[in-house]
Amino acid sequence: MHYTGTIWRPPYEASSLLLEATAGCTHHRCKFCTLYADLPFSFKMSPIEDIESDLKEARHLYRSLPGRRISRTFLTGANPFVLQYDRLMKIAERIRAQLPEMESIGCFARITDISLKTDGQLTNLHKAGYDGLTIGIETADDEALRFMDKGYRAADILEQCGRLDRAGIRYSFFYLTGISGAGRGEAGAKATAAVCNQLHPALIGANMLTIYPYSELYQEIRRGNWTEESETEKYREVRTLAENLKIHTVFAALGASNAFQMQVELPKDQEKLLDFLDDVIENVGEDRLRRYRESVHHL
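Quick summary incoming for the structure in this document. (Residues numbered from 1 in each chain as written. Predicted model: local features only at pLDDT ≥ 70, side-chain atom pairs only at ≥ 80, totals over all residues. Heavy atoms only, no water.)

Tallying each qualifying case throughout the model produces two cavities of 30 Å³ or more. Taken as a whole, the largest cavity spans an internal volume of roughly 80 Å³. Residue lining of the largest cavity: 13 residues in total, with Thr4, Thr6, Ile7, Tyr36 and Gly77 positioned closest to the centre. No other element matches strand S2 (residues 22–24), which puts three residues into the lining of the largest cavity. Residue composition of the lining of the largest cavity, by class: five nonpolar, seven polar and one charged. Considered as a void within the structure, the second largest cavity measures approximately 50 Å³ in volume. Taken together, Trp8, Thr34, Leu35, Tyr212, Tyr214, His298 and Leu299 make up the full set of residues lining the second largest cavity. Classifying every residue of the lining of the second largest cavity gives five nonpolar, two polar and no charged. (1 Å grid on protein atoms, 1.4 Å probe; cavity = no way out; pocket = protein on both sides within 12 Å on 5 of 7 lines; lining within 4 Å. Points joined across faces, edges and corners; volume = space filled by probe spheres on them. Helix = DSSP H or I, 4+ residues; strand = E, 2+ residues; numbered from the N terminus. Nonpolar A, V, L, I, M, F, W, Y, C, P; charged D, E, K, R; others polar.)

This is the structure we're talking about:
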């Protein structure tokens with residue numbers, strides 16, 4: 001299999017076939033992000049020949065495992081959904097040709113990737129199997145989005161994910177707790193909940209901002225331009241987000257950045273979740289939470 005650098009996937013894609021369609025990120029400017037720092041380039045597409053070779057290898061592997069059936073492919077890379085419509089369709093065709101039992105195709109996507117497709121193309125991509133995109137919206141706090149150089153606004157999240165809803169493409173959000181900075185986290189959480197409440201994310205996954213010395217955000221902190229939230233503030237922010245969500249969705253915190261992992265259904269388990277977060281805020285303590293943050297040497 002052709003893999004480049006560290007391969008990132010959401011926790012819920014653990015059983016999917018990981019197929020490299022791209023490597024790196026087309027945007028590559030978010031101040032907090034260090035996920036692709038190990039690559040000597042910003043972004044590249046995988047040759048179709050490599051994709052076909054990997055699919056043949058995967059077919060041979062799965063055929064050699066009696067009773068093992070693979071039903072989902074996850075395209076790796078920071079945002080494979082940026083690829084042109086024709087190329088995404090060609091990849092879907094190659095997947096079906098080699099693995100006809102494949103039911104769906106997922107990947108990471110940026111909000112700006114969706115805007116590159118027409119409504120008709122989104123509908124056709126869904127028919128071809130694209131479903132369950134994972135989108136790192138991070139926040140709907142416009143000030144934080146601007147400062148972190150995300151390249152879109154809250155209104156764009158609402159517009160583009162509304163188009164996914166109409167095309168029938170399911171999606172999940174990653175929320176980055178702490179992105180708004182000290183004193184602003186709960187306001188950012190409320191703004192994000194207000195946007196999410198107008199959409200239909202299947203899952204909202206909260207991750208905790210972890211700042212590394214080789215990030216641009218670390219340099220902004222040294223220049224005095226930004227201040228990190230305390231760890232306790234981050235949990236208050238998560239609680240505010242959870243409290244203000246009014247939609248049916250899964251709320252999760254499953255990545256290594258979270259000192260406490262959780263997964264619940266909203267609104268059914270909302271009170272249970274809020275009670276759990278209250279317990280963390282009141283009884284765990286800043287020192288213990290900070291020790292955990294400092295122990296996360298790599299995401």
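Now that the structure has been shown, the text picks up again.
Summed over all chains, the structure comprises seven aromatic pairs. Between tyrosine 171 and phenylalanine 173 the ring centres are 5.3 Å apart and the planes differ by 40°, which places this aromatic pair in the tilted class. For phenylalanine 173, a relative accessible area of 0% corresponds to the buried category. An aromatic cluster is defined as three or more aromatic residues linked by ring pairs; in this entry it consists of Phe74, Phe108 and Phe174. The residue whose ring lies beneath lysine 117 is phenylalanine 81, and the NZ or CZ to ring-centre distance is 4.8 Å. (Phe/Tyr/Trp six-rings, centres within 6.5 Å; stacked < 30°, edge-to-face > 60°. Buried < 20%, exposed > 50% of the residue type's maximum accessible area, 1.4 Å probe, protein only. Lys NZ or Arg CZ within 6 Å of the ring centre and 35° of its normal.)

Another aspect to go through is the side chain of lysine 150. Take lysine 150: it is sitting in the loop between helix H5 (142–147) and helix H6 (154–167). Overall, the relative accessible area of 4% leaves lysine 150 in the buried class. A polar atom in the side chain of lysine 150 sits 3.2 Å from the side chain of glutamate 138. Those residues in contact with lysine 150, other than ones at most four positions away along the chain, are His27, Cys30, Phe32, Arg110, Gly136, Glu138 and Leu145. (Polar contact = N/O pair within 3.5 Å; in protein donor to acceptor, adjacent residues only side chain to side chain. Contact = heavy atoms within 4.5 Å.)

What follows concerns the layout of surface pockets. Approximately 1,100 Å³ is the volume attributed to the largest pocket. Around the largest pocket, the lining comprises 45 residues; the ones closest to its centre are Phe32, Cys33, Leu35, Glu138 and Leu299. Contributions of two or more residues to the lining of the largest pocket are made by strand S5 (104–109), strand S6 (133–138), strand S7 (171–177), strand S8 (203–208) and strand S9 (249–253). A per-element tally of the lining of the largest pocket places S8 first, with five residues. Computed from the structure, the second largest pocket encloses a volume of approximately 220 Å³. Lining the second largest pocket are Tyr12, Glu13, Arg72, Ser104, Gly132, Leu133, Arg170, Tyr171, Ser172, Ala202 and Leu203.

Another point: the sheet that holds S9. With mixed pairing, the eight strands of this open sheet are ordered in space as S1-S4-S5-S6-S7-S8-S9-S10. Two strands lie at the open edges of the sheet, namely strand S1 (17–20) and strand S10 (262–266), each paired on one side alone. Shown here is a sheet whose adjacent strand axes are inclined to one another by a mean of 25°, direction ignored. Across five bridges, S9 lies against S10 in antiparallel orientation. Within the sheet, the bridge partner assigned to phenylalanine 251 lies in S10 and is valine 264. This element, H6, spans S6 and S7 of the sheet and lies at about 155° to S7. (Pairing = 2+ DSSP bridges. Axes fitted to C-alpha atoms, helices over the stretch in contact; angles between N-to-C directions.)

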